[in-house]
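This is what each chain is made of:
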Amino acid sequence: MGFFLETLIGGLMSGMLYSLVALGFVLIFKASGVFNFAQGAMVLFAALAMARFAEWLPKVSGIDAKLLVNLLAFGGAMLVMVAVAWVIERYVLGKLVNQEGITLLMATLGIAYFLDGFGQAIFGSNIYKIDVGLPKDPLFLLESMFQGGVLVNQEDLAAGLIAAALVAGLAAFFQYTATGRALRAVADDHQAAQSIGIPLNRIWVIVWSVAGFVALVAGIIWGSKLGVQFSLSLVALKALPVVILGGLTSVPGAIIGGLIIGTGEKLSEVFIGPLLGGGIEIWFAYVLALVFLLVRPQGLFGEKIIDRV
């Protein structure tokens with residue numbers, strides 16, 4: 001039971017990180033109806049900016065305090081992501097209003113490849129380190145109940161708590177703020193939202209900036225765990241099955257979907273993997289997403305769209 005709980009907790013922590021990345025997909029889709037394939041590239045680009053700013057700032061300014069350097073680097077990286085959001089709205093989405101969905105999808109693919117190449121040109125292509133002080137030592141819980149206790153990675157626990165707090169904050173933002181309601185109105189009908197005075201261009205900049213903030217937080221956490229490298233964008237794409245499972249328009253769905261996939265892939269790898277030769281963790285999420293596409297294509301919490309002809 002102790003080993004099962006270790007695996008379950010590890011899966012839940014990974015699931016929260018998947019949920020964090022999946023939120024970027026959901027935010028963009030809710031506000032613009034665009035499935036943003038560039039979210040993985042945004043995670044990588046934001047993490048690269050954070051890592052390189054944290055490396056350059058002490059050399060340029062002479063500041064040695066790690067907390068201050070990280071705060072300044074975070075602020076600089078966030079400004080970069082806001083600038084990216086503005087450029088995307090001004091030169092891509094603003095030119096494609098009311099175009100077909102496939103056109104917008106291909107535009108986000110172009111953005112993804114551009115950010116990958118542009119990030120490599122500006123920040124370099126090596127593996128970079130992000131150190132924001134997340135605890136690395138393991139933690140043993142429930143030692144009185146199980147022999148040896150339940151091993152929990154403190155870094156995963158801290159990352160999961162950060163992701164949970166951000167998810168809760170974004171859910172409240174969408175539900176209770178005027179800007180959040182405007183975002184939902186734009187998601188329902190662009191033209192109707194414009195007709196009542198909601199500035200579509202400003203809303204898109206806001207939502208891409210929020211998605212950039214989510215990508216930055218996810219990039220910092222994943223970069224702290226794995227190092228900032230160009231495979232990070234592929235790790236972020238694990239969030240694709242999460243949004244399929246939870247629903248493209250549902251913030252709670254992104255959370256539940258991430259938890260299901262995180263725990264499912266860990267448990268299946270540990271308990272079923274030895275019977276099948278291992279490797280289940282690599283494809284489990286995608287097979288589960290395929291099953292949902294066949295059975296419930298709108299996801300657990302997604303809106304069922306009915307077209308009358």
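Residues numbered from 1 in each chain as written. Predicted model: local features only at pLDDT ≥ 70, side-chain atom pairs only at ≥ 80, totals over all residues. Heavy atoms only, no water.

Quick notes on the overall build of the chain
Thinking step 1. Scanning the chain from terminus to terminus reveals 13 helices and two strands.
Thinking step 2. In terms of C-alpha radius of gyration, the chain reaches 20 Å, essentially the compact-globule figure of 19 Å for 309 residues.
Thinking step 3. Its C-alpha atoms put the chain at 65 × 60 × 35 Å along the principal axes.
Thinking step 4. Partitioning the intrachain contacts of the chain with sequence separation of at least 6 by distance along the chain shows that 74% fall at a separation of at least 24.
Thinking step 5. Accessible area of the chain: about 14,900 Å², with a carbon and sulfur share of 66%. (Helix = DSSP H or I, 4+ residues; strand = E, 2+ residues; numbered from the N terminus. Rg over C-alpha atoms; globule rule 2.2 N^0.38 Å. Contact = heavy atoms within 4.5 Å. Areas by Shrake-Rupley, 256 points an atom, 1.4 Å probe, with all protein chains shown as cover.)

Topic: the pairing of strand S2 (residues 150-153)
Thinking step 1. Burial along S2 is one-sided: Val150 and Val152 are buried, while Leu151 and Asn153, pointing the other way, are not.
Thinking step 2. With four bridges connecting them, strand S1 (residues 138-141) and S2 associate as antiparallel partners. Pairing of proline 138 across the sheet is with asparagine 153, part of S2. (Buried < 20%, exposed > 50% of the residue type's maximum accessible area, 1.4 Å probe, protein only. Pairing = 2+ DSSP bridges.)

What to know about the pattern of salt bridges
Thinking step 1. As enumerated under the stated definition, the model contains four salt bridges in all.
Thinking step 2. Between glutamate 55 and arginine 52 there is a salt bridge whose closest N-O contact spans 2.8 Å. Placement of the pair is glutamate 55 and arginine 52 together in helix H2 (residues 39-61), with a separation of three residues, close to one helical turn.
Thinking step 3. Since its relative accessible area comes to 32%, glutamate 55 is described here as partly exposed.
Thinking step 4. In this structure, lysine 266 and glutamate 281 form a salt bridge, with 3.0 Å as the shortest nitrogen-oxygen distance. With lysine 266 in helix H11 (residues 251-271) and glutamate 281 in helix H13 (residues 280-295), the pair connects residues that are 15 residues apart, well separated along the chain.
Thinking step 5. Through salt bridges with shared partners, a single ionic network connects Arg52, Glu55 and Lys59. (Salt bridge = Lys/Arg side-chain N within 4 Å of Asp/Glu carboxyl O.)

Quick word on the environment of alanine 211
Thinking step 1. Structurally, alanine 211 is set in helix H8 (residues 200-226).
Thinking step 2. Judged by relative accessible area, which is 0%, alanine 211 ranks as buried.
Thinking step 3. Put simply, alanine 211 and valine 82 are 129 residues apart on the chain and 9.5 Å apart in space, counted from C-alpha to C-alpha.
Thinking step 4. Apart from the residues lying within four places of it in its own chain, the contact partners of alanine 211 are Gly24, Leu27, Ile28, Gln39 and Met42.

Some remarks on the nonpolar core
Thinking step 1. Among the nonpolar cores identified, the biggest contains 86 residues, and Leu20, Val207, Trp208 and Val228 are the most heavily contacted of them.
Thinking step 2. Sort the elements by how many residues they give to this core and H8 lands first, with 15 residues.
Thinking step 3. Each residue touching valine 207, except ones within four places of it in the same chain, is listed here: Leu27, Ile28, Ala31 and Leu183. (Core = buried A, V, L, I, M, F, W, Y, C linked by side-chain atoms within 4.5 Å.)

A word on the packing of helix H5 (residues 154-176) against H8
Packed helix pairs are specified by the crossing angle of their axes together with the interaxial distance, meaning the distance between the axes.
Thinking step 1. Across the interface, H5 lies against H8 with an axial gap of 10 Å and an inter-helix angle of 175°. Classified by the angle their axes make, H5 and H8 are roughly antiparallel. Across from Glu155, Asp156, Ala159, Ile162, Leu166 and Leu170 in H5, the residues of H8 making contact are Val210, Phe213, Val214, Val217, Ile221, Ser224 and Lys225.
Thinking step 2. Taken together, the residues of the contact of H5 with H8 break down into nine nonpolar, one polar and three charged. (Axes fitted to C-alpha atoms, helices over the stretch in contact; angles between N-to-C directions. Parallel < 35°, antiparallel > 145°, perpendicular 65-115°, else oblique. Nonpolar A, V, L, I, M, F, W, Y, C, P; charged D, E, K, R; others polar.)

With respect to the environment of methionine 81
Thinking step 1. When you line up the elements, methionine 81 lands in helix H3 (residues 66-91).
Thinking step 2. Residue class for methionine 81 comes out buried when judged on its relative accessible area of 2%.
Thinking step 3. Beyond its immediate chain neighbours, meaning those up to four positions away, methionine 81 contacts Met42, Phe45, Ala46 and Gly212.

Digging into the packing of helix H10 (residues 239-246) against H13
Thinking step 1. Two elements in contact, H10 and H13, have axes whose closest approach is 9 Å; the angle formed by their N-to-C orientations is 30°. Judged by the angle between their axes, H10 and H13 are roughly parallel. Regarding H10 and H13, the two cross each other, and that crossing is left-handed. Across from Pro241, Ile244 and Leu245 in H10, the residues of H13 making contact are Ala285, Tyr286, Leu288, Ala289, Phe292 and Leu293. (Left-handed = near helix turned anticlockwise from the far one by under 90°.)

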